[in-house]
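# Tertiary structure, described
Listed below are the residues making up each chain.
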Amino acid sequence: QVQLVESGGGLVQAGGSLRLSCAASGRTFSSYTGGWFRQAPGKEREFVAAITRTGGSTYYADSVKGRFTISRDNAKNTVYLQINSLKPEDTAVYYCAADETGWLLRSGAGNYEYWGQGTQVTVSS
């Protein structure tokens, strides 16, 4: 079992930045692929970014490329999502997830076995 806890969300103005953190406990998180998803009100959960267990490869949704950066620090069992140039349409609950494969980068939510509770990001215009 892996427990995931997100933090770092908040209310920011458009153009601002945030860094979300996902702290893991339980089994060795360093063996898992880490992912971020988001869900806006009235919309389905969508993939944002993923990173392999070593951090050597990343994958982004087209809508966030160039603005979002996923990274990880396995010594701290933490995955990060740096969000720059925030837009009102980035408003959503952001969820951290873990995929047991460790080396695949997948965008389907069903591929991730463990999920955090989410952190709210609200961008004002």
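### As for the sheet that holds strand S8 (residues 78-83)
Pairing in this open sheet of 4 strands is antiparallel, and the strands run S1-S3-S8-S7 from one edge to the other. The outermost strands of the open sheet, each flanked by one partner alone, are strand S1 (2-7) and strand S7 (68-73). Strand-to-strand twist across the sheet, computed as the mean angle between neighbouring axes with direction ignored, equals 20 degrees. Looking at chain direction, strand S3 (residues 18-26) and S8 are connected through 6 bridges and run antiparallel. Note on S8: the bridge partner recorded for Ala23 is Thr78.

### Observations regarding the pattern of salt bridges
Scanning the model with the defined rule gives 5 salt bridges in all. For Asp90, the salt bridge is made with Arg38, and the minimal N-O distance between the two is 2.9 Å. Taken as a pair, Asp90 in the loop between S8 and strand S9 (92-99) and Arg38 in strand S4 (residues 33-39) lie far apart in primary sequence, 52 residues in all. The class for Asp90 is buried, based on a relative accessible area of 1%. Because the salt bridges share partners, they merge into one network encompassing Arg38, Glu46, Arg67 and Asp90.

Parameters at a glance
Residues numbered from 1 in each chain as written. Predicted model: local features only at pLDDT ≥ 70, side-chain atom pairs only at ≥ 80, totals over all residues. Heavy atoms only, no water. Pairing = 2+ DSSP bridges. Helix = DSSP H or I, 4+ residues; strand = E, 2+ residues; numbered from the N terminus. Axes fitted to C-alpha atoms, helices over the stretch in contact; angles between N-to-C directions. Salt bridge = Lys/Arg side-chain N within 4 Å of Asp/Glu carboxyl O. Buried < 20%, exposed > 50% of the residue type's maximum accessible area, 1.4 Å probe, protein only.

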